[in-house]
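Overview (structure and organization)
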Amino acid sequence: TSTGTAELIAVSSLFTYDVYRVYINPAATGEDILKWSRIIIVLFGLFMGCLGMILNLIGLSLGWVYLFMGVVIGSAVIPISYLLLWKKCSANAAMTGTIVGQIAAIASWLGAAAAYDPSGEGKVTIESTGTNEAMLVGNLVAILGS
């Protein structure tokens with residue numbers, strides 16, 4: 001519950017201070033910010049609850065979602081590290097590395113899902129994309145291939 005609370009507050013703060021106060025109502029009072037903060041908490045909480053139910057209905061476990069996050073966002077780790085720590089790394093190079101790494105990660109993840117399909121038929125299904133082998137391949141390519 002503390003993780004969920006922190007996420008709600010983070011999204012609420014990002015919206016109220018970085019969007020609402022900057023672009024929508026620069027003269028917002030403390031009451032306005034508090035009101036919109038509460039509205040965003042409720043809306044985001046409802047959205048995440050609905051998303052959780054939808055993912056559950058289609059058969060995606062929390063473990064599948066966590067591992068899939070690595071496939072999708074892991075390709076940004078090395079390029080962003082280079083961008084922050086190496087003077088010669090340009091923004092274009094970091095973006096290109098991230099995009100190419102993500103495409104390679106998704107392609108290799110789906111290829112591994114077909115190769116390690118538990119049914120032996122070589123199909124890409126929710127079950128085959130969630131195997132340890134497919135997720136390992138996708139995550140490694142995401143991190144190391146960007």
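Residues numbered from 1 in each chain as written. Predicted model: local features only at pLDDT ≥ 70, side-chain atom pairs only at ≥ 80, totals over all residues. Heavy atoms only, no water.

Quick notes on the overall build of the chain
If you tally the helices and strands in the chain, you get seven helices and zero strands. Tracing the chain from N to C terminus, the helices and strands come up as α-α-α-α-α-α-α. Taken over the C-alpha trace, the chain has a radius of gyration of 20 Å; the compact-globule value for 146 residues is 15 Å, which it surpasses by more than 25%. Counting only C-alpha atoms, the chain reaches 60 × 45 × 25 Å along its principal axes. When each of the 146 residues of the chain is scored for burial, the buried share is 23%. When contacts within the chain are restricted to residue pairs at least 6 apart in sequence, long-range pairs at least 24 apart make up 56% of them. (Helix = DSSP H or I, 4+ residues; strand = E, 2+ residues; numbered from the N terminus. Rg over C-alpha atoms; globule rule 2.2 N^0.38 Å. Buried < 20%, exposed > 50% of the residue type's maximum accessible area, 1.4 Å probe, protein only. Contact = heavy atoms within 4.5 Å.)

With respect to the environment of Ala 142
By secondary structure assignment, the location of Ala 142 is in helix α7 (residues 132-144). Classification of Ala 142 by relative accessible area gives buried; the value is 0%. Put simply, Ala 142 and Val 77 are 65 residues apart on the chain and 8.7 Å apart in space, counted from C-alpha to C-alpha. With residues near it in sequence (within four places) discarded, Ala 142 still touches Gly 70, Val 71, Gly 74, Ser 75, Gly 101 and Ala 105.

Looking at the environment of Glu 127
Considering the arrangement of structural elements, one finds Glu 127 in helix α6 (residues 126-129). Since its relative accessible area comes to 55%, Glu 127 is described here as exposed. Between the alpha carbons of Glu 127 and Ala 105 there is a distance of 18 Å; along the sequence they are 22 residues apart.

Thoughts on a nonpolar patch on the surface
There is a patch of nonpolar side chains on the surface, built from Val 77, Leu 136, Leu 140, Ile 143 and Leu 144 and spanning about 460 Å² of accessible area. In terms of residue count, the dominant contributor to the nonpolar patch is α7 (four residues). Its place among the elements puts Leu 144 in helix α7. The exposed category is assigned to Leu 144, whose relative accessible area is 69%. (Patch = residues over 30% accessible without salt bridge, like charges linked within 9 Å, V, L, I, M, F, W, Y side chains within 5 Å. Areas by Shrake-Rupley, 256 points an atom, 1.4 Å probe, with all protein chains shown as cover. Salt bridge = Lys/Arg side-chain N within 4 Å of Asp/Glu carboxyl O.)

Brief notes about the nonpolar core
The tendency in soluble globular proteins is for nonpolar side chains to be buried as a group. Grouped together as the largest cluster of nonpolar side chains are ten residues: Leu 60, Trp 64, Val 71, Ala 105, Trp 109, Ala 112, Ala 113, Ala 134, Met 135 and Ala 142. In this structure, Leu 60 is in contact with Leu 55 and Ile 126, ignoring residues within four places of it in sequence. (Core = buried A, V, L, I, M, F, W, Y, C linked by side-chain atoms within 4.5 Å.)

Things to note about the packing of helix α5 (residues 91-115) against α7
Running from N to C, α5 and α7 point in directions that differ by 165°, and their axes come no closer than 8 Å. Of the possible angle classes, the one that applies to α5 and α7 is roughly antiparallel. Handedness of the crossing formed by α5 with α7: right-handed. Here α5 contributes Gly 101, Ala 104, Ala 105, Ser 108, Trp 109, Ala 112 and Ala 113 to the contact with α7, which in turn contributes Ala 134, Met 135, Val 137, Gly 138, Val 141 and Ala 142. Tallied by class, residues from the contact of α5 with α7 come to ten nonpolar, three polar and no charged. (Axes fitted to C-alpha atoms, helices over the stretch in contact; angles between N-to-C directions. Parallel < 35°, antiparallel > 145°, perpendicular 65-115°, else oblique. Left-handed = near helix turned anticlockwise from the far one by under 90°. Nonpolar A, V, L, I, M, F, W, Y, C, P; charged D, E, K, R; others polar.)

Comments concerning helix α1 (residues 2-24)
The sharpest bend along α1 reaches about 30° and sits at Thr 16. For α1, every residue scored as buried is listed here: Ser 12, Thr 16 and Tyr 20. Packed against the buried residues of α1 are α2 (30-57). (Bend = angle between axes of the 7 residues up to and from the residue.)

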